[in-house]
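Architecture and fold: a report
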Amino acid sequence: MGGPTFLRWSNRRQAGPMACHQDSAPPFRLASAGKPRPEPQGASGIRTRPGSSSPYAPCTSGLLASARSAAAAVAAMAQADIALIGLAVMGQNLILNMNDHGFVVCAFNRTVSKVDDFLANEAKGTKVLGAHSLEEMASKLKKPRRIILLVKAGQAVDDFIEKLVPLLDIGDIIIDGGNSEYRDTMRRCRDLKEKGILFVGSGVSGGEDGARYGPSLMPGGNKEAWPHIKAIFQGIAAKVGTGEPCCDWAFEEWNKTELDSFLIEITANILKFQDADGKHLLPKIRDSAGQKGTGKWTAISALEYGVPVTLIGEAVFARCLSSLKDERIQASKKLKGPQNVPFEGDKKSFLEDIRKALYASKIISYAQGFMLLRQAATEFGWTLNYGGIALMWRGGCIIRSVFLGKIKDAFDRNPGLQNLLLDDFFKSAVENCQDSWRRAISTGVQAGIPMPCFTTALSFYDGYRHEMLPANLIQAQRDYFGAHTYELLAKPGQFIHTNWTGHGGSVSSSSYNA
């Protein structure tokens, strides 16, 4: 019969490698009569072309060669060390920070025109790459692929994860840098682990300036991801020991003491900042504070686990109260406070009282924060390095403060420390501030000045240091109206109900803690 005398080779040349078929049978060729005969082989058993003793590439070799070629093409495209999705100010600054430290970043944004604008302006002259689709972004990443999501916490994170998973391979890494609620992070970590994807939830603190020049990064999640992101994260994170910024006079003095911290620094700069008209800007800003949720989530967690994180709670409620601006304007016209009497004391001495009140309140706030961490560790079986956590906040983070090093020292001395206030250093520090703390608060109360965090911090301290609290009355009331029972000091663990009215009966409700 007519036709090719070497079917496999001819088909491979004409139809390309995908026309070849792999099988486990020995190689055959078609003779003119159409009968199969073994293909000619050289002395070594290697297949040869008809009429030639030179070996030829069989079908599988062609496929492998094509695969290698395709892989090489993909590898040539894969130039980026990491990708970042979300080109708001934090995202842009974090990309530029990574670029400064020698990492090639691929930028993507849901509104793709922002990618082009970013490359043409802020990222001009850098090695930053752009992508106009998630598929293009994935193709430009080295493996394991590392992708940072810097989008709004909540559903937006889940939506992007759903779109990314089909584009990723086992061992690729998704990093959520949007300060998500920790239970969302735990869920995503668990769900993606089942798909072979490594998930990291990372706090990014320090604001836009921190993102650009060195944030505090707090990664957690699948620990298998850490070796693959460690160099990038530690490269771009803030380094402790940088130069001090200029401060206004009072805050400059405070910043040379135990209060040396980021928020004191920026407060000084804000107070002295002048608008274009030469007048101070701060009094012109509407006194209605916004919030993005991290304080609220902390307060919710504190309530859930029964930990009195009162300062963060009061700070959140103070913002809520500030948001009632129009209502407060009306109230200010009807509700009267104490008579406005000018301060007649020693201003320098009183400023020192305020400084010490602030220092003591900050200690209380950190003590409460570590109480919540300890309780969460108990709830979830975590092993936390509390001293290491303190050091992680020393640079880049908006709560960074010099005395964070003292917190590490406290946990180094006693890894099982129940509360920072029980450490000798912090115990002495608070006792040294106590008189000033009380004077500052009483002066403010007499003047009708709201001081929610100062006052709640002192209330916590006084409550924590008292062996007996009036909670026995609360528990008696609960038993009176709801038969919720109580314990006696002499019989802890034994719950008792009293028939307070003489006609309520002896049946009690079940005992539980919400």
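Analysis parameters
Residues numbered from 1 in each chain as written. Predicted model: local features only at pLDDT ≥ 70, side-chain atom pairs only at ≥ 80, totals over all residues. Heavy atoms only, no water. 1 Å grid on protein atoms, 1.4 Å probe; cavity = no way out; pocket = protein on both sides within 12 Å on 5 of 7 lines; lining within 4 Å. Points joined across faces, edges and corners; volume = space filled by probe spheres on them. Helix = DSSP H or I, 4+ residues; strand = E, 2+ residues; numbered from the N terminus. Nonpolar A, V, L, I, M, F, W, Y, C, P; charged D, E, K, R; others polar. Buried < 20%, exposed > 50% of the residue type's maximum accessible area, 1.4 Å probe, protein only. Pairing = 2+ DSSP bridges. Contact = heavy atoms within 4.5 Å. Axes fitted to C-alpha atoms, helices over the stretch in contact; angles between N-to-C directions. Expected span 1.5 Å × (residues − 1). Polar contact = N/O pair within 3.5 Å; in protein donor to acceptor, adjacent residues only side chain to side chain. Left-handed = near helix turned anticlockwise from the far one by under 90°. Core = buried A, V, L, I, M, F, W, Y, C linked by side-chain atoms within 4.5 Å.

Now for empty space enclosed by the protein. Overall, the coordinates contain two cavities of 30 Å³ or more when judged by the stated rule. In this structure, the largest cavity encloses a volume near 50 Å³. Contributing to the lining of the largest cavity are L94, I148, I175, G177, S202, V204, L217, F233 and I236. Looking at the lining of the largest cavity, the elements that each hand over two or more residues are strand 8 (198-205) and helix 9 (226-236). Tallied by class, residues from the lining of the largest cavity come to seven nonpolar, two polar and no charged. Each pocket or cavity is described by its volume, and for the second largest cavity that value is around 30 Å³. Lining the second largest cavity, in full, are A367, F370, M371, R374, F411, L417, Q418, N419 and L420. If you tally residues by element for the lining of the second largest cavity, the top one is helix 15 (residues 347-380), at four residues. In the lining of the second largest cavity, the residues fall into six nonpolar, two polar and one charged.

Now for unusual backbone geometry. Looking along the chain, the bond that leaves K143 and enters P144 is cis, with omega of -5°. By secondary structure assignment, the location of P144 is in the loop between helix 5 (134-139) and strand 6 (146-149). In this structure, A483 takes a positive phi of about 55° despite not being glycine. Secondary-structure assignment places A483 in the loop between helix 20 (471-482) and strand 10 (486-488). The exposure class of A483 is buried, given its relative accessible area of 14%. The backbone of T485 shows a phi angle near 70°, a positive value even though the residue is not glycine. By the secondary structure assignment, T485 is in the loop between helix 20 and strand 10.

So, about the sheet that holds strand 3 (residues 82-85). Spatial ordering of the open sheet is given by 5-4-3-6-7-8-9, a layout of seven strands whose pairing is mixed. Taken across any chain shown, the strands that pair with only one partner, and hence form the sheet edges, are strand 5 (129-130) and strand 9 (216-221). Here strand 8 runs beside strand 9; their pairing, made up of six bridges, is antiparallel. Bridge assignment links G203 to a residue of strand 9, and that residue is M218. Contacts from helix 3 (residues 89-100) reach strand 3, strand 4 (105-108), strand 6 and strand 8 within the one sheet, and its direction differs from that of strand 3 by about 165°.

Here we come to helix 15. In an α-helix there are 3.6 residues to a turn, and that puts residues three or four apart on one side. Between its terminal C-alpha atoms helix 15 stretches 49 Å, which fits the 50 Å expected from 34 residues at 1.5 Å a residue. Here helix 15 starts with a cap whose side-chain oxygen sits 3.0 Å from the backbone nitrogen of K348, and that cap is D346.

Let us look at the environment of F199. Relative to the helices and strands, F199 resides in strand 8. Between the alpha carbons of F199 and I174 there is a distance of 5.0 Å; along the sequence they are 25 residues apart. In contact with F199, other than residues within four places in its own chain, are I161, I174, D176, T185, R188, C189, L192, G220, G221 and N222.

With their axes 9 Å apart at the nearest point, helix 15 and helix 19 (residues 452-465) run at an angle of 60° to one another. The hand of the helix 15/helix 19 crossing is left-handed. When helix 15 is examined against helix 19, the residues I354, A357, L358, S361, I364, Q368 and M371 are found in contact with a partner set consisting of C453, F454, A457, F460 and Y461. When the residues that make up the contact of helix 15 with helix 19 are grouped by side-chain class, the tally is ten nonpolar, two polar and no charged.

Of all hydrophobic cores here, the largest spans 43 residues; its most connected members are I363, I364, F370, I407, L420, L421 and W437. At the level of secondary structure, the elements contributing two or more residues to this core comprise helix 12 (294-305), helix 15, helix 16 (386-392), helix 17 (404-413), helix 18 (424-447) and helix 19. Considering every element that reaches this core, the biggest residue donor is helix 15, with twelve residues. W437 has contacts with D353, A357, A360, S361, I364, V430, F454, A457, L458 and Y461, leaving out every residue within four places of it along the chain. M98, F118, L150 and I229 belong to the second largest nonpolar core, which has 29 residues in total.

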